[in-house]
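# Inside the fold
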Amino acid sequence: MYMKFSPNQYVLRYKKGKLVAQGAGLAFFFWAHSTSACVLPISGTDIDFMFEETTQDFQTVTVQGQLTCRIADFEKAAAALDFTVNLRNGAYVDRPMEKLSKRMVNLAHVLVKSHIGAMGLTEAIQASRSLADQVLSEMEQNEECEALGVTVTGCSILKIRANPETSRALEAKRREDILRESDDAIYDRRNASIEQERKVKENELNTQICVEEKKKVIKETELQTKRLELEGEGELQKIEVRSATEQEQMRLDAAIALERKRQELTDLRLANAKKDADAEAYRIRVVMQAYNELSADVLVALATMSMEPEKIIAQAFHQLAANPGKIGTLNITPDLLESLKGRQVV
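Residues numbered from 1 in each chain as written. Predicted model: local features only at pLDDT ≥ 70, side-chain atom pairs only at ≥ 80, totals over all residues. Heavy atoms only, no water.

### Thoughts on the environment of Ile116
Examined against the element boundaries, Ile116 turns out to sit in helix H2 (residues 96–116). In the structure, Ile116 is positioned 62 residues away from Thr54 in sequence and 7.0 Å away in space, judged by C-alpha atoms. Beyond its immediate sequence surroundings of up to four residues, Ile116 is in contact with Glu53, Thr54, Thr55, Gln56, Val61, Val63, Ala124 and Leu131. (Helix = DSSP H or I, 4+ residues; strand = E, 2+ residues; numbered from the N terminus. Contact = heavy atoms within 4.5 Å.)

Printed below as a string of structure tokens:
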């Protein structure tokens, strides 16, 4: 006989109890008396669940969700559950997928129960996302899932709902809280408006006070300025009188100082003249003393050294006239007289 499976089915083919072939979408001829096959789904499977659990504060809640899982190890799954099919019509001999779904739901039930039991009602109702993440994480590491060869790929908590009476009570309580919050908001808004109006009036009063204070300061400043101006005028007159007196005193002091300087200059000139006269007298005295020590002939010789020729001749005639008795014969040539006549002696 011939049997063919679809590609999304994983087939384990046995002959006389031994595994002889496996794979997705196998097709083969077989002898019905010695051949058997297990067929496992390759695609993921969605498993819905709904539990009623009790919270920490003894309130009943309904948890509705979904698991997504797929078979990862086909041999383990075939060993844990009976996936044998009738090769004549392709139907399962047992109901393995129902049993697998029931086991997965039971595992999820245990985990959900443990988490919901540790939460209060309000917390549990709001814990859909965190509860789904916790259940998925724990089922991925669950040993029983590993033994079944199943991997959980997703967990969704669609709804966590309290019973109708509790829901209405919660809604009423929350409604009252909302109304109270609304009233508080209205009161706060009114109080804020009153407070703002009070601040505005207070600011207006403060502004008026500041304006009056500024006016007062301005008046005081003007009075102070006028007083300072008057005082300044009086001080200015005093300063002008004092300045004229000081200028006159300074002029007199300068004149006195100048006369003192002139007197000092005169005294200095007199002292210098006396020193010059003393020096000249000393020089003449020394020269005369030197001349006194020389003989008359030497003095005459020194005197004639710097004389002009006509003066020397005049001096000679003077000496001849002084001693005429000693002159024997005196010859004066015409040339000499002619030369003396042509000179103008001063």
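Alright, that's what it looks like, and here's the rest.
### Considerations on the nonpolar core
Ranked by internal contacts, the top residues of the largest apolar core, which has 42 residues, are Leu40, Val63, Leu67, Met104, Met139 and Val152. Element by element, the count of residues in this core is highest for H2, at 8 residues. Setting aside chain neighbours within four positions, we find Val152 in contact with Leu67, Thr68, Cys69, Met104, Leu136, Met139, Glu140 and Cys145. Judged by nonpolar contacts, the second largest core, of 9 residues, contains Phe5, Phe28, Ala37 and Leu87. (Core = buried A, V, L, I, M, F, W, Y, C linked by side-chain atoms within 4.5 Å. Buried < 20%, exposed > 50% of the residue type's maximum accessible area, 1.4 Å probe, protein only.)

### Quick notes on the pattern of salt bridges
This model, assessed by the stated rule, comprises 11 salt bridges. The partner of Glu53 in a salt bridge is Lys113, and the shortest N-O contact between them spans 3.4 Å. Taken together, the positions of Glu53 in strand E6 (residues 45–54) and Lys113 in helix H2 put the pair 60 residues apart, joining distant regions of the chain. Residue Arg198 is joined to Glu195 by a salt bridge in which the shortest nitrogen-to-oxygen separation is 2.3 Å. Taken together, the residues Arg198 and Glu195, both in helix H6 (residues 164–292) and 3 residues apart, mark about one turn of the helix. Residue classification places Arg198 among the partly exposed positions, given a relative accessible area of 40%. Assessed through its relative accessible area of 30%, Glu195 is described here as partly exposed. A single salt-bridge network, built from bridges that share partners, covers Glu195, Arg198 and Glu202. (Salt bridge = Lys/Arg side-chain N within 4 Å of Asp/Glu carboxyl O.)

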